[in-house]
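# Notes for the structure review
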Amino acid sequence: MTNKLFAILMVSGLLGFISCAEKDTTFLITESSVGPLQKSSPLKELESIYAYDSVVRDTFNSLTGVKTGKIKVFEKGGKHLLTLTPNNDSVPRVENIRVFDSRYTSEKGIGLQSTFGEIKKQYAIKKIVTTLNSVVVFPKESNLYFTIDKGDLPASLRYTASSIEAVQIPDDAKVKYLMIGWE
């Protein structure tokens, strides 16, 4: 009996090790990648990176010779995953990414379904920029930034143009937009 128990424990441990070693990164956001897209990936590789998805470029700009505008990535089923904004360097790469799919999360578990309270627990806040309809939260030491709709703020802050501090934002304020900026 002990040999069977030992064998079962060994197989279970081996399967657990294999499953941990093969962590799915399809929707993982790191400082240098968003899913399969790497910060260093040239634009010309987008079709191969998203071979199982659809990459939609602005065909009018392509036909007229104008530099490529925003590039949208859709799942084969039609769900909008990402919008990519290229840079204007000699070797074009992605400079900005807007996340549309809630399955994408940072290494710290923050995504489109997160709240400001969850962001504060995982990241130190570098600055908050107030816009007409929202506040943009920039964490320290991260290329992520989060937009929170002013509708989620107390009524006294919804129509102000003055700076809003982190302590004024309710913990339950939801993330409206999740963006990544690569320079």
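The coordinates are above.
This part covers the pattern of salt bridges. A pair can form between side chains of opposite charge whenever their charged atoms are brought close. Under the criterion given, the structure shown has 6 salt bridges. Residues Lys120 and Asp171 are paired through a salt bridge, measuring 2.7 Å at the closest nitrogen-oxygen approach. On the criterion of sequence distance, the pair formed by Lys120 in helix H4 (residues 116-122) and Asp171 in the loop between strand S11 (144-149) and strand S12 (177-181) is long-range, its members being 51 residues apart. Residue Asp171 is classed as partly exposed on the basis of its relative accessible area, which comes to 45%. For Lys176, the salt bridge is made with Asp149, and the minimal N-O distance between the two is 3.1 Å. Note that Lys176 is positioned in the loop between S11 and S12 and Asp149 in strand S11, a separation of 27 residues in sequence. Linked through salt bridges whose partners overlap, the residues forming this network are Glu75, Lys79, Asp101 and Arg103.

With a phi angle near 50°, Glu141 is a residue other than glycine that sits in the positive phi range. Along the chain, Glu141 turns up in the loop between strand S10 (134-139) and S11.

Throughout the structure, instances matching the rule amount to 3 aromatic pairs. Aromatic side chains Phe27 and Tyr104 sit 4.9 Å apart centroid to centroid with 80° between the ring planes, which places their arrangement in the edge-to-face category. Of this pair, Phe27 sits in the loop between helix H1 (2-21) and strand S1 (28-29) while Tyr104 is found in the loop between strand S7 (94-99) and strand S8 (105-106), placing the two residues 77 residues apart along the sequence. Just as Phe27 is buried, Tyr104 falls in that class too. Above the plane of the ring of Phe138 lies Lys127, whose end atom (NZ or CZ) is 5.2 Å from the centre.

Rules used throughout
Residues numbered from 1 in each chain as written. Predicted model: local features only at pLDDT ≥ 70, side-chain atom pairs only at ≥ 80, totals over all residues. Heavy atoms only, no water. Salt bridge = Lys/Arg side-chain N within 4 Å of Asp/Glu carboxyl O. Helix = DSSP H or I, 4+ residues; strand = E, 2+ residues; numbered from the N terminus. Buried < 20%, exposed > 50% of the residue type's maximum accessible area, 1.4 Å probe, protein only. Phe/Tyr/Trp six-rings, centres within 6.5 Å; stacked < 30°, edge-to-face > 60°. Lys NZ or Arg CZ within 6 Å of the ring centre and 35° of its normal.

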